[in-house]
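# Secondary and tertiary structure notes
In case you want the letters, here they are:
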Amino acid sequence: MTNQTQGLDSSMRKRGKLKPWLREAARQLGFELCGIAPASLPELDRARYLSWLERGFQGEMKYMEREQRLDLRLLLPSVRSVICAGMVYNTPHPKSVECPDPARGWISRYGWGEDYHLVLRERLEKLLEGLRQAAGPPFEAKICVDTAPLLERAVAQAAGVGWIGKNTCLIREKAGSWFLLGEILTSLEIEPDEPAPDRCGTCRRCIDACPTAAIVEPYVLDATRCISYFTIELRGSIPEAFRPAVGRHLFGCDICQDVCPWNSKAPVTLLPEFQPRPIQAVDEQRQSGEESAVPSTPVPSTFNPPLEWLASLSEEEFRRTFRRSPIQRARYRGMLRNAAVAMGNSRLEKFRPLLEKLAEHPDAMVQEHARWALEQLGANATSAPLQPKNAGAPASGLD
Ligand code: B12
Ligand code: SF4
Ligand code: SF4
């Protein structure tokens, strides 16, 4: 924030200028989007969330069952307003649907760089610091980024930041959906913004493109079918029926956003935090001339990396490479599991030695996925790789 915005006088609130100040301060801190929501959630969102839980769509994500999500006062008893901020993480790199090479794996766009929880929180702390100076009398506040029990998209929609699309992502005209959300709950009374209207219209591209038919109805996502859930949240085995449809995804999935027309001209960020990170572990190995099963092709970054690179990382290299990265969440064994599935789906014989090695891994889950992958090579070694669309997934709930 510049000195100009920091040095606001304490009568700012009375003059009704707090909101424009907030938007400008947020923008200077890198939040392209900012809006104010009232402290209570719309009734419809509450009902939809409860119905989602009743249908068991949270799967193993037990943290989703904490009903504090319905009452912001349980997070901050004095809450009167929520400042919702969105930060674009899109970069000029191609989309997953434009990168068909089966020998490379897809790490979802938000996973290329720094952990967004840290990036957003650090900046929200600065915003709050500025707000304390600008708003006058002391007030209470709490910062949330993703992990707090809060329905972030419902709150952001109420704050006019965007609308919840049929793919369940928050979308905004011109900005698309490649942005992440963070909030400041505050005891300050700030005039709320108008909720953003739904602009999905008759489009259903995301529903049709989802490889696992996880968007079971427009605006309703069964997380237990979503590749993002399988590759990041699930700690155990990926259900066999879904493995072919997981394709070459290593961490998360971007397909339902890649195909969204509102993302066709989405803005990009220059923030270094969101750019793909170089794969240092491999570079270091190369420089030191260490023998390893790393690929012979160049491995510049986390953008669309060769599968054998990930499958060859030691646990220590994994930790070093993904320090301060959201990929840590999937854990080492989870990423090996995902790499095995992707290598199996590639049907490429060149992965056989690596898969045989993973089939001997001390972790039983990694072993089992590697054995499954070897069967895929054996079953149809000469055929073309599976296409992502509904490949081998159980019947869709949409038909
Ligand atoms: C659990 C979770 C997941 C789960 C479940 C996702 C889900 N859709 O529920 C999994 C692991 C699958 C996941 C995946 C992803 N996630 Co996530 N995730 C969350 C988390 C922690 C909670 C989401 C939640 O509350 N789900 C519960 C359901 C009920 O909520 P909902 O889907 O928003 O449901 C609303 C609407 O669908 C609507 N609705 C329901 N029925 C109906 C019917 C009609 C007719 C209408 C109009 C509306 C409607 O009302 C519901 C309540 O408001 C949030 C952070 C947070 N604390 O909120 C991040 C969050 C939603 N995730 C985020 C991201 C980036 C992703 C991924 C893109 C990551 C990736 N590339 O893999 C994918 C996107 C997948 C997708 N299509 O949603 C961002 C989304 C940013 C944005 N612009 O929307 C969030 C907000 C994190 C953040 N702080 O930025 N995620
Ligand atoms: S599997 Fe991929 S396309 Fe389908 S809902 Fe999940 S993130 Fe979207
Ligand atoms: S692809 Fe179409 S239906 Fe899906 S979220 Fe985007 S605009 Fe809405």
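Look up: the structure comes first, before these words.
First, a word on scope: everything that follows refers to the structure included in this document. (Residues numbered from 1 in each chain as written. Chains lettered and ligands numbered in written order. Predicted model: local features only at pLDDT ≥ 70, side-chain atom pairs only at ≥ 80, totals over all residues. Heavy atoms only, no water.)

Where a strand is regular, its side chains alternate between the two sheet faces. Of all the eight residues making up strand β7 (residues 179-186), eight are buried; the element is thus mostly covered by neighbouring parts of the structure. Burial along β7 is two-sided: the residues F179, L181, E183 and L185 and L180, G182, I184 and T186 are all buried. For strand β2 (residues 81-88) and β7, the ladder comprises eight bridges, and the chain directions are antiparallel. When the sheet's bridge partners are listed, G86 is paired in β7 with L181. Summarising the sheet, strand β4 (residues 141-144) and β7 pair through four bridges and their orientation is antiparallel. Among the inter-strand pairings, I143 is bridged to a residue of β7, identified as I184. (Buried < 20%, exposed > 50% of the residue type's maximum accessible area, 1.4 Å probe, protein only. Helix = DSSP H or I, 4+ residues; strand = E, 2+ residues; numbered from the N terminus. Pairing = 2+ DSSP bridges.)

The next thing to look at is the packing of aromatic side chains. Following the criterion strictly, the structure yields 13 aromatic pairs and no others. For the ring pair Y110 and Y116, a centre distance of 5.7 Å and an interplane angle of 75° mean the geometry is edge-to-face. Overall, Y116 belongs to the buried group, its relative accessible area being 9%. The structure contains a cluster of three or more aromatic residues connected by ring pairs, namely W309, F318, F322 and Y332. For the cation-ring pair, R132 lies above F139, with the distance from its terminal atom to the ring centre recorded as 4.7 Å. (Phe/Tyr/Trp six-rings, centres within 6.5 Å; stacked < 30°, edge-to-face > 60°. Lys NZ or Arg CZ within 6 Å of the ring centre and 35° of its normal.)

A few words on helix α15 (residues 364-379). One turn of an α-helix holds 3.6 residues; hence residues three or four places apart share an orientation. Between the first and last C-alpha of α15 there are 22 Å, a value that for 16 residues agrees with the 22 Å anticipated at 1.5 Å per step. Those residues of α15 that sit buried are M365, V366, H369, A370, W372, A373, L374, Q376 and L377. Among the structural elements, α8 (243-246), α13 (332-346) and α14 (352-358) are those in contact with the buried residues of α15. Capping of α15 at its N-terminal end is provided by D363; its side-chain oxygen lies 2.8 Å from the backbone amide nitrogen of M365. (Expected span 1.5 Å × (residues − 1). Contact = heavy atoms within 4.5 Å. Polar contact = N/O pair within 3.5 Å; in protein donor to acceptor, adjacent residues only side chain to side chain.)

Ligand 1 sits among 39 residues. The nearest are D45, E152, R153, L170 and Y219. Within the backbone of D146, an N or O atom sits 2.9 Å from a nitrogen atom of ligand 1. One of the backbone nitrogen or oxygen atoms of L150 is found 3.0 Å away from a nitrogen atom of ligand 1. Elements that contribute at least two residues to the shell around ligand 1 include exactly α3 (43-54), α5 (152-158), β7, β9 (220-221), α7 (227-233) and α9 (255-258). Of the residues forming the shell around ligand 1, the biggest block, four residues, is contributed by α3. (Near = heavy atom within 4 Å.)

On to the sheet that holds strand β1 (residues 33-38). In any sheet, the strands associate via hydrogen bonds between backbone groups, in a parallel or an antiparallel arrangement. Across the sheet, which stays open at both edges, the four strands sit in the order β1-β2-β7-β4 with antiparallel pairing between neighbours. Of all the strands in the sheet, the pair left with one neighbour each is β1 and β4. Neighbour-to-neighbour, the strand axes of this sheet turn through a mean angle of 20°, independent of strand direction. Judged from the six bridges that link them, β1 and β2 form a sheet pairing that is antiparallel. (Axes fitted to C-alpha atoms, helices over the stretch in contact; angles between N-to-C directions.)

With that out of the way, let us pick up the site of ligand 2. As a matter of local geometry, ligand 2 sits amid C210, P211, T212, A214, I215, L221, C226, I227, C253, I255 and C256. In the shell around ligand 2, the residues fall into ten nonpolar, one polar and no charged. (Nonpolar A, V, L, I, M, F, W, Y, C, P; charged D, E, K, R; others polar.)

Our next topic: the packing of helix α2 (residues 18-28) against helix α4 (residues 116-135). As a packed pair, α2 and α4 sit with axes 11 Å apart at the nearest point and diverge in direction by 155°. Classified by the angle their axes make, α2 and α4 are roughly antiparallel. For the pair α2 and α4, the crossing hand works out as right-handed. Contacts between α2 and α4 involve L18, W21, L22, A25 and A26 on the former and, on the latter, L127, G130, L131, A134 and A135. For the contact of α2 with α4, the per-class residue count stands at nine nonpolar, one polar and no charged. (Parallel < 35°, antiparallel > 145°, perpendicular 65-115°, else oblique. Left-handed = near helix turned anticlockwise from the far one by under 90°.)

Our next topic: the environment of G113. Looking at the element boundaries, G113 is found in the loop between β3 (106-107) and α4. Residue G113 is classed as buried on the basis of its relative accessible area of 4%. Filtering out sequence-adjacent residues up to four positions away, G113 remains in contact with E273, Q275, R277, R324, S325 and P326.

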